[in-house]
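Single-letter residue listing:
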Amino acid sequence: KLWTVLFAIVAVAYLFPILLVLINSFKGKVFVSSEPFALPNAETFVGLENYITGIAKTDFLSSFGWSLVITIGSAFLILLCTSMTAWWIVRVDNKYAKFLYLIFLFNLVVPFQMVMFTLSWFADYLGLGNPIGIWVVYLGFGAGLAVFIFTGFVKGIPRELEEAALIDGCGTVRMYFQVVLPILKPAMVTVAILEIMWLWNDYLLPSLVLDLRNYKTIPIAVQYLRGGYGSVDMGAMMGVLVLAMIPVIVFY
């Protein structure tokens, strides 16, 4: 019972900021700052006004579309390429495979700030400043964690299953898609959740790589709610943040 109470308190602590954003999304922008913890009442309640204003000011539908394209495309590329790589690393198990695995582990410990300026220049040089090109950039940054998780999972797959498929005339590509991939489903779900939450909410990398005149993701679009002299339409921002959270919550 003690653990139940403890984890219930932790759960409430995690959910409180989300609840706070939801409550304030229905209050006037003046009251968001002056009464942030109060529930909406007859004076402060503005209905869907914040949502409508936020959608109009940020061009939300366009930003939502580009976020969706970037997130789905990048996640698909990460899941496919890294699961194949992890399978190859485990099954080949020679010095080249081990060296490659160490490179992926090194990817986990290198801070993004160390490479962001070189990355933005290189991405611009290769013409990757668009929603399709950024898939490749995200593949590079998301590969470390994904390969680490997939490698650990593949080690638990009996080699006899693949040997039986090989005896039955199964080629390498067919073996991956018909034998290995179905077994990898639990790891796929784990990696997908981790990567999609990161991809959907990422601000820094798209702001460095994308051509912001033509493509804006939701985290970038939210910044356009800032007015002159640092003023922020907090009501509209709360509304947009609620809309931005819904797809991730539904997916999870």
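Before going into details, it helps to say that this report is about the structure given with it. Just so you know, these numbers come straight off a predicted model, no measurement behind them.

## A look at the overall build of the protein
Here is step 1: In terms of helices and strands, the protein carries 13 helices and zero strands.
Here is step 2: Put simply, the protein runs from its N terminus to its C terminus through helices and strands in the order α-α-α-α-α-α-α-α-α-α-α-α-α.
Here is step 3: The C-alpha radius of gyration computed for the protein amounts to 23 Å, which surpasses the reference 18 Å derived for 252 residues by more than 25%, pointing to a less compact arrangement than a globule.
Here is step 4: Across its three principal axes, the protein shows a C-alpha extent of roughly 75 × 55 × 30 Å.
Here is step 5: Across the 252 residues of the protein, 38% fall into the buried class.
Here is step 6: The long-range share in the protein, meaning contacts at least 24 apart out of those at least 6 apart in sequence, stands at 71%.
Here is step 7: When the accessible surface of the protein is summed, it comes to about 14,900 Å², and 72% of that surface belongs to carbon and sulfur atoms.
Here is step 8: Within the protein, the 14 negative side-chain charges are centred at a point lying 4 Å from the centre of the 14 positive side-chain charges.

## Structural notes on the side chain of threonine 82
Here is step 1: Relative to the helices and strands, threonine 82 is located in helix α4 (residues 60-92).
Here is step 2: A distance of 2.3 Å separates a polar side-chain atom of threonine 82 from the backbone oxygen of isoleucine 78.
Here is step 3: Setting aside residues up to four positions removed in sequence, threonine 82 forms contacts with Leu77, Leu139, Ala143, Ala146, Val147 and Phe150.

## Here we look at the nonpolar core
Here is step 1: Formed by 21 residues in total, the largest nonpolar core has its most connected members in Phe150 and Leu184.
Here is step 2: Ranked by residue count, the leading element in this core is α4, at five residues.
Here is step 3: If we skip the residues at most four places from it in the chain, phenylalanine 150 touches Leu79, Thr82, Ser83, Ala86, Leu184, Ala187, Met188 and Val191.
Here is step 4: Counting 15 residues, the second-largest nonpolar core is a separate cluster that includes Ile70, Leu128, Leu199 and Leu210.

## Here we look at the pattern of salt bridges
Side chains that differ in charge, positive against negative, can pair when their charged atoms come close.
Here is step 1: Inspection of every chain in the model, using the stated rule, returns two salt bridges.
Here is step 2: Residue glutamate 162 pairs with arginine 91 through a salt bridge whose shortest N-O separation is 2.9 Å. Taken together, the positions of glutamate 162 in helix α8 (residues 159-167) and arginine 91 in helix α4 put the pair 71 residues apart, joining distant regions of the chain.
Here is step 3: Notably, a salt bridge pairs arginine 213 with aspartate 211, separated by 3.0 Å at the nearest N-O pair.
Here is step 4: Look at aspartate 211 and you get partly exposed, because its relative accessible area is 21%.

## Considerations on the state of the cysteines
Here is step 1: One pass over the structure, following the stated rule, counts zero disulfides.
Here is step 2: Here cysteine 81 stays unpaired: no disulfide links it, and the sulfur of cysteine 170, its closest cysteine neighbor, is 20 Å away.
Here is step 3: Accessibility expressed as a relative area gives 28% for cysteine 81, which makes it partly exposed.
Here is step 4: Of the residues examined, cysteine 170 reaches a relative accessible area of 9% and is grouped as buried.

## Quick notes on the packing of helix α3 (residues 49-58) against helix α13 (residues 234-251)
Helix-helix packing is characterised by the crossing angle of the two axes and by the distance between the axes.
Here is step 1: Taken N-terminus to C-terminus, the directions of α3 and α13 make an angle of 85°; their axes are 7 Å apart at the nearest point. On the basis of the axis angle, α3 is roughly perpendicular to α13. On α13, the residues that touch Asn50, Tyr51, Thr53, Gly54, Ile55 and Thr58 of α3 are Gly235, Ala236, Gly239, Val240, Val242 and Leu243.
Here is step 2: Across the contact of α3 with α13, the residue classes tally to six nonpolar, six polar and no charged.

## Focus: unusual backbone geometry
Most peptide bonds take the trans form, and the phi angle of most residues other than glycine is negative.
Here is step 1: Its identity as a non-glycine residue notwithstanding, aspartate 59 has a phi of 50°, on the positive side.
Here is step 2: On the basis of relative accessible area, aspartate 59 is assigned to the partly exposed category, the value being 47%.

Parameters at a glance
- Residues numbered from 1 in each chain as written.
- Predicted model: local features only at pLDDT ≥ 70, side-chain atom pairs only at ≥ 80, totals over all residues.
- Heavy atoms only, no water.
- Helix = DSSP H or I, 4+ residues; strand = E, 2+ residues; numbered from the N terminus.
- Rg over C-alpha atoms; globule rule 2.2 N^0.38 Å.
- Buried < 20%, exposed > 50% of the residue type's maximum accessible area, 1.4 Å probe, protein only.
- Contact = heavy atoms within 4.5 Å.
- Areas by Shrake-Rupley, 256 points an atom, 1.4 Å probe, with all protein chains shown as cover.
- Lys, Arg positive; Asp, Glu negative; His and termini not counted.
- Charge placed at Lys NZ, Arg CZ, Asp CG, Glu CD.
- Polar contact = N/O pair within 3.5 Å; in protein donor to acceptor, adjacent residues only side chain to side chain.
- Core = buried A, V, L, I, M, F, W, Y, C linked by side-chain atoms within 4.5 Å.
- Salt bridge = Lys/Arg side-chain N within 4 Å of Asp/Glu carboxyl O.
- Disulfide = S-S within 2.5 Å.
- Axes fitted to C-alpha atoms, helices over the stretch in contact; angles between N-to-C directions.
- Parallel < 35°, antiparallel > 145°, perpendicular 65-115°, else oblique.
- Nonpolar A, V, L, I, M, F, W, Y, C, P; charged D, E, K, R; others polar.

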